[in-house]
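Residue-level structural notes
Below are the chains, spelled out letter by letter.
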Amino acid sequence: MPGHPYWSGPDLSKTYREIETARQHGPPLTQGITERHPPLCPRCLEAAMHDNHVANRSAPAARRFPGWMMAGIGAFLVLMLSATWVVATRSEPAARATAPAEHSPDSGGAPTEVPAEAADDGALPDDREITPFDTRHAAVTHLDKRLLKAVQEAARDARDDGIEFVVTSGWRSKEHQQRLLQEGIEKYGSLEKAREFVNTPEKSTHVSGKAVDIGPTDADDWLIRNGSAYGLCQVYANEMWHFELLTGPGGTCPGPLNNAAG
C-alpha cells in the first residue's frame, strides 16, 4: 500500500500491511520503516517540562537528607525540649525552697521570719560561719529583737573599721543547752566546774534569747571597747565573747562577773 501515511518500505508481509499493526511494533521489526506521531500540544509540552524540572530539583535534596536522617533530627529535638522542660520545672521549686531569707548588712530592716525547715535547736552549722544578718538560722532569728538590732548596728559600724562579726552561739533550745551542760560536765569533771562556763537550761540567757556569743577575738575586742554605745556589754570575765543588753545605748556597762556560776 504505497503512500500510506504511517509506513513505507519494500517487501513487507501481509501481517504488517494492516494499518492497525503499524503503530504496534518498534523499529527493529519494521526494517527502517519511519513512524510518524502527532505533535504534542504546546500546553502539554510545557506541563511535561515543568514536572521534569521539579523532579530534577527535588532529587538532590532527597539524596542530601534521607528520610531516616530527618526522622532522627526530629526525635532529637523533641528529646532536648522535653529534657529542658523537666529541668526547668524541677529547679524552680528548689530555687524557691533554698532562697535565703536574710537581710543585707546595709538594709537596716528587721529580721524576717525563719523558714520552718530552719527552726532547729539553735545549733550552728560546721561548714560555714554565721553572721548577725543570717536570720534564716534559728540561733539568730530567735534572739531577742532588741538584742539582735543592737548587734546588727554594731556589726555595720565594725565593718567600717575592717572588723567582721561572727555569731558563734545565739539562741538555744533547752535540749541543746542541756547537751552542752552535759558535755561540760564530762570535760571539766563536775557540774560545779562546768557551771563556770555553761549554765543550766533554767538559768541560761541563751535559752531566753537574751545573750549572743561573738567572734573572732578582734571582734570581741572591738565590741568590749565600743559595745556600750549600743547597750551591749561583756557579761563574764572568763568569756570575752558573751554579750547581753545591760545598759541603754550610750550608757555605762556594769563590771563583768567572774563566770557564769556567779
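From a predicted model like this one, the values you see are computed outputs, not experimental measurements.

So, how was this worked out
- Residues numbered from 1 in each chain as written.
- Predicted model: local features only at pLDDT ≥ 70, side-chain atom pairs only at ≥ 80, totals over all residues.
- Heavy atoms only, no water.
- Helix = DSSP H or I, 4+ residues; strand = E, 2+ residues; numbered from the N terminus.
- Buried < 20%, exposed > 50% of the residue type's maximum accessible area, 1.4 Å probe, protein only.
- Contact = heavy atoms within 4.5 Å.
- Core = buried A, V, L, I, M, F, W, Y, C linked by side-chain atoms within 4.5 Å.
- Phe/Tyr/Trp six-rings, centres within 6.5 Å; stacked < 30°, edge-to-face > 60°.
- Disulfide = S-S within 2.5 Å.
- Pairing = 2+ DSSP bridges.

Here we come to the side chain of Thr200. Structurally, Thr200 can be placed in the loop between helix H8 (191–194) and strand E2 (211–215). With relative accessibility at 17%, the residue Thr200 sits in the buried group. Residues in contact with Thr200, not counting those within four places in the same chain, are Gln177, Leu181 and Arg195.

Right, let's get into the nonpolar core. By size, the foremost hydrophobic cluster in this structure holds 24 residues, and its most contacted members are Phe165, Val212, Ile214, Trp222, Leu223 and Leu232. Breaking this core down by element, the ones donating at least two residues are helix H5 (138–141), helix H6 (145–160), E2 and helix H9 (217–226). Broken down by element, the residue count for this core peaks at 7 residues, all from H6. Among residues more than four places away in sequence, those in contact with Leu232 are Leu147, Ala150, Val151, Ala154, Leu223, Gly227, Glu244, Leu245 and Cys253.

With that settled, consider the packing of aromatic side chains. Following the criterion strictly, the structure yields 3 aromatic pairs and no others. Note on Phe165 and Trp222: the rings are 6.0 Å apart at their centroids and 70 degrees apart in plane angle, and the pair reads as edge-to-face. Within this pair, whereas Phe165 is found in the loop between H6 and strand E1 (166–169), its partner Trp222 is found in helix H9, the two being separated by 57 residues in sequence. The pair Phe165 / Trp222 is uniform in exposure class, with both members buried.

Our focus in this paragraph is the state of the cysteines. Taken as a whole and judged by the stated rule, the model has 1 disulfide. Across the disulfide from Cys233 sits Cys253; the S-S distance is 2.0 Å. A torsion of -80 degrees about the S-S bond marks the disulfide between Cys233 and Cys253 as left-handed. With Cys233 in strand E3 (residues 232–236) and Cys253 in the segment after strand E4 (239–245), the pair connects residues that are 20 residues apart, well separated along the chain.

Okay, the pairing of E3 next. Burial of E3 is extensive: 5 of the 5 residues sit out of reach of the surface. Pairing of E3 with E4 involves 4 bridges; the strand directions are antiparallel. Bridging across to E4, Gln234 finds its partner in Phe243. Once E3 ends, the chain turns through 2 residues before running back antiparallel as E4.

In short, geometric facts, not functional conclusions.
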